[in-house]
Amino acid sequence: AEEVRRAVVNKFGEDMLYTGGLSVRTTLDSDLQRAARMALERGLEALDRRQGWRGPLASYNGVPDILAKIEAQDDGRFFGDDLDEIDAQLAAHQEKMLDNHFAALVTSVAKSKADIYVEGRKATIPFKLAFWAYPPRDKDGIRPQPLTDLRDALSVGDIVMVQPPTATPDLIRDGFQPAPEDFALSQRPLVEGAIVALDPHTGRLLAMTGGYNYRDSEFNRAVQAMRQPGSAFKPFVYLAALDQGYNPTTRILDAPLVVDQGLGKPKWKPANYTRRFYGPSIMRVGIEKSRNLMTARLAMNLGMEEIQDYAKKFGLNDNLPPLLSMSLGAGETTLIRLTAAYGMLVNGGKKITPSLIDRIQDRRGVTIYRHDDRECGACIDPNGWSDQPVPELADTREQLTSPASAFQMVSMLEGVVKRGTGRKISNLDLVVAGKTGTTNDNTNGWFVGFTPDLAIGVFVGYDTPRPLGKRETGSTVAVPIFGDFLAAAYAGQPVIPFRRPAGVSIIPVHSETGERVLPNHEKAIFEVFKPGQRPGGVLIDV
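Residues numbered from 1 in each chain as written. Predicted model: local features only at pLDDT ≥ 70, side-chain atom pairs only at ≥ 80, totals over all residues. Heavy atoms only, no water.

Student: If you had to explain the packing of helix 10 (residues 335–346) against helix 11 (residues 403–419) to someone new, which residues and values would you point to?
Tutor: At a minimum axis distance of 8 Å, the contact between helix 10 and helix 11 shows a crossing angle of 110°. When the interaxial angle is binned, helix 10 and helix 11 end up roughly perpendicular. Listed contacts from helix 11 to Tyr-342, Leu-345 and Val-346 of helix 10 are Ala-406, Met-409, Val-410 and Leu-413. Looking at the contact of helix 10 with helix 11 residue by residue, the classes come out as seven nonpolar, no polar and no charged. (Axes fitted to C-alpha atoms, helices over the stretch in contact; angles between N-to-C directions. Helix = DSSP H or I, 4+ residues; strand = E, 2+ residues; numbered from the N terminus. Parallel < 35°, antiparallel > 145°, perpendicular 65-115°, else oblique. Contact = heavy atoms within 4.5 Å. Nonpolar A, V, L, I, M, F, W, Y, C, P; charged D, E, K, R; others polar.)

Student: Just give me the short version of the sheet that holds strand 12 (residues 357–361), but keep the residues and values in it.
Tutor: A sheet is described by the order of its strands in space; here three strands give the open sequence 1-12-13, paired in antiparallel fashion. Two strands bound the open sheet, and with one partner strand each, they are strand 1 (23–26) and strand 13 (367–370). Across the sheet, the axes of successive neighbouring strands diverge by a mean angle of 10°, strand direction being ignored. Judged from the four bridges that link them, strand 1 and strand 12 form a sheet pairing that is antiparallel. Within the sheet, the bridge partner assigned to Arg-25 lies in strand 12 and is Arg-359. Packing against the sheet, helix 1 (residues 2–12) makes contact with strand 1, strand 12 and strand 13, and its axis sits at approximately 55° to strand 12. (Pairing = 2+ DSSP bridges.)

Student: With reference to specific residues and values, describe the packing of helix 6 (residues 234–243) against helix 10.
Tutor: At a minimum axis separation of 11 Å, helix 6 and helix 10 run at an interaxial angle of 35°. Every pair of crossing elements has a handedness; the one defined by helix 6 and helix 10 is left-handed. Between helix 6 and helix 10, the residues in contact are Pro-235, Phe-236 and Leu-239 and Leu-338, Ala-341, Tyr-342 and Leu-345, respectively. Its residues placed into classes, the contact of helix 6 with helix 10 shows seven nonpolar, no polar and no charged. (Left-handed = near helix turned anticlockwise from the far one by under 90°.)

Student: Outline the pairing of strand 9 (residues 205–209), listing residues and values.
Tutor: With respect to burial, strand 9 is a largely interior element, five of its five residues being buried. Direction of pairing for strand 8 (residues 192–198) relative to strand 9: antiparallel, over a ladder of four bridges. In the sheet register, Ala-197 faces strand 9, and the bridge partner there is Ala-207. Between the end of strand 8 and the start of strand 9, which pair antiparallel, lie six residues, with Gly-203 showing a positive phi angle near 85°. (Buried < 20%, exposed > 50% of the residue type's maximum accessible area, 1.4 Å probe, protein only.)

Student: Quick one: what's the story with the packing of aromatic side chains, residue by residue and with numbers?
Tutor: Tallied over the entire structure, the rule returns 10 aromatic pairs. Between Tyr-342 and Phe-450 the ring centres are 6.4 Å apart and the planes differ by 55°, which places this aromatic pair in the tilted class. Separated by 108 residues along the polypeptide, Tyr-342 in helix 10 and Phe-450 in strand 15 (residues 444–451) bring together distant segments of the chain. Residue Tyr-342 is classed as buried on the basis of its relative accessible area, which comes to 0%. Look at Trp-446 and Phe-459: their rings are 5.0 Å apart centre to centre, the planes differ by 50°, and that puts the pair in the tilted class. Placement of the pair is Trp-446 in strand 15 and Phe-459 in strand 16 (residues 454–461), with a sequence separation of 13 residues. Of the residues examined, Trp-446 reaches a relative accessible area of 1% and is grouped as buried. Residue classification places Phe-459 among the buried positions, given a relative accessible area of 2%. (Phe/Tyr/Trp six-rings, centres within 6.5 Å; stacked < 30°, edge-to-face > 60°.)

Student: With reference to specific residues and values, describe the nonpolar core.
Tutor: One finds Phe-236, Tyr-342, Met-409, Leu-413 and Phe-450 to be the most contacted residues of the largest nonpolar core, which totals 72 residues. The biggest single contributor to this core is helix 10, with nine residues. If we skip the residues at most four places from it in the chain, Met-409 touches Pro-235, Tyr-238, Leu-239, Leu-242, Ile-287 and Leu-345. With 33 residues, the next largest nonpolar core counts Leu-44, Leu-98, Ala-197 and Ala-489 among its residues. (Core = buried A, V, L, I, M, F, W, Y, C linked by side-chain atoms within 4.5 Å.)

Student: So what's going on with the pattern of salt bridges? Which residues, and what values?
Tutor: This model, assessed by the stated rule, comprises 24 salt bridges. Arg-284 is the salt-bridge partner of Glu-288, the closest N and O atoms lying 3.0 Å from each other. You can see Glu-288 and its partner Arg-284 sitting in helix 7 (residues 283–288), four residues apart, about one turn around the helix. Grouping residues by exposure puts Glu-288 and Arg-284 together as buried. For Lys-523, the salt bridge is made with Glu-512, and the minimal N-O distance between the two is 3.2 Å. (Salt bridge = Lys/Arg side-chain N within 4 Å of Asp/Glu carboxyl O.)

Student: I'd like to hear about helix 8 (residues 292–302), residue by residue, with values.
Tutor: Counting buried positions along helix 8 gives nine out of 11 residues, so the element sits mostly inside the fold. Residues of helix 8 that are buried: Asn-292, Leu-293, Met-294, Thr-295, Ala-296, Arg-297, Leu-298, Ala-299 and Leu-302. Just downstream of helix 8 lies Gly-303, where phi reads positive at about 95°.

Student: Requested: an account of the sheet that holds strand 14 (residues 433–438), with residues and values cited.
Tutor: Read across the sheet, five strands follow the order 9-8-16-15-14 without closing on themselves; strand pairing throughout is antiparallel. Each edge of the open sheet carries a strand with a single partner, namely strand 9 and strand 14. Across this sheet, the average inter-strand angle for adjacent strands is 5°, counted without regard to direction. Helix-sheet contacts for helix 11 involve strand 14 and strand 15, and the interaxial angle to strand 14 is about 65°.

Student: Hey, could you go over the side chain of Asn-272 for me, with residue numbers and the actual values?
Tutor: Within the secondary structure layout, Asn-272 lies in the loop between strand 10 (251–254) and strand 11 (279–282). At 2.9 Å, the side chain of Asn-272 and the backbone nitrogen of Asn-292 are in polar contact. Apart from the residues lying within four places of it in its own chain, the contact partners of Asn-272 are Asp-254, Tyr-278, Arg-291, Asn-292 and Leu-293. (Polar contact = N/O pair within 3.5 Å; in protein donor to acceptor, adjacent residues only side chain to side chain.)

Student: Lay out the environment of Leu-454 with the relevant residues and their values.
Tutor: In this structure, Leu-454 sits in strand 16. Sequence separation of Leu-454 and Val-346 is 108 residues, and the distance between their C-alpha atoms is 9.0 Å. Not counting residues within four places of it along the chain, the set of residues in contact with Leu-454 comprises Ala-197, Leu-198, Pro-200, Leu-206, Gly-449, Phe-485, Ala-489 and Tyr-490.

Student: Pulling in residues and values, what's your account of the environment of Leu-242?
Tutor: For Leu-242, the location among the structural elements is in helix 6. You can call Leu-242 buried: its relative accessible area is 0%. Separated by 183 residues in sequence, Leu-242 and Ile-425 place their C-alpha atoms 27 Å apart. Once residues within four sequence positions are removed from consideration, Leu-242 is found in contact with Asn-247, Pro-248, Met-283, Ser-405, Gln-408, Met-409, Met-412 and Lys-530.

Student: Could you give an account of unusual backbone geometry, with specific residues and numbers?
Tutor: Generally, phi is negative for residues other than glycine and the peptide bonds are trans, each holding for most cases. Although it is not a glycine, Arg-275 adopts a positive phi angle of roughly 65°. The exposure class assigned to Arg-275 is exposed, which follows from its relative accessible area of 66%. For Asn-442, which is not glycine, the phi torsion reads 55° and is therefore positive. With respect to the helices and strands, Asn-442 occurs in the loop between strand 14 and strand 15.

Without other data, these values stay purely geometric and don't point to any function.
Printed below as a string of structure tokens:
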């Protein structure tokens, strides 16, 4: 709603917004919006829990008096004015929480469970829903010993945040079945994030959540946060190569690379995440395994001017510096820009502009703004509708890349989900493709992906950049959020394949070497080739 308000003010001014009697029709899908909010909320909380327990919200000293009153009740519920004081304190904390989160008072603690007073009744925090509450890592990043006794984390009188177990699926392990009176220990995450979902054919925003809790921060991280996309930028380097005649089986040398940055500056030495070198590898493997050295070598061969051009025409960055590190995602962009750019891959290379508003009418019902500005004289018949032929509208979208190149890139990104860094969602029975992104020191985690008719972007990071946690990358922090949302968005929906353009050939090749194999080979995949292309290619060695 705030983003809609800002858009209307920018277009028509504050007077028109507040006094014009406008009717604004947005593009949002309420079901997808709820799913996006829930997926982001759960993902950020799960990440925060992996970083350890920061302690209770507050402490209350009047527990003995409350215990006496609790024990006097037989049915576990409380009435009257004798608990007003603690109820008021709990309510003050409750006001700052999201739905399905509750402030609770710890009334007793044992090794394997804690008794709590929450929502006017007795309840329990079992150890199996609080096992994560060990202290945070020390300054050297070393994690303390696992929690074995709940008394090491909680004390009588603590006021803590709790949630129903259904809201914390990451804590349900080893077949544990929570009882009706059980709650999971929780805490408000410090890490932030955003998620957007849009129609890749029109740019209509179907869902957007710009942070964990709008009441804490109105900053919209989906639109306003400029962050480094890391490896999520790489598809556009590979797309530039595909447009120049390279194919997914072209081999690129994965070996040490040293770049002289100029007088008085240190040499730039990019490295793979694994700190290993793999020799000549096909382009598909480079994107699936997110190989930095292959990408940098490819960018050197193409020239940074070409990379700049692709970043600009796909709306990622209008002034990308001509530095080789930009090919690895060092240039800043926003989540909404990056998601729209991925949408332009799956729609066949057509330009789209993200929009949150479909139409605006004035107080008389006259349309004063429409996102789809194409003219359609046959759409309105003065005699009304009487089974006329369906009007044909011209496709005015600019073609940014060839449909064949776009489809090759889609196929390669589908491999990221099947065999690469996005395989944590490969168990979903859906046709999906995408790319992870992680920046230096694990400060930003991304996953941007798509189905044939939905583009989705997820960003996770602290507002003041710092590491997300040891071994926390785009595949551990953003992919689960993406998968959670995607499962909800496509529940009960039919599965359709990516749309293949005319003229391309599909040939079975070895998934690691790119050599042609029989379709029944254990490592066979079906690769996409343009007319005149065949498996294999020259070795890129700069």
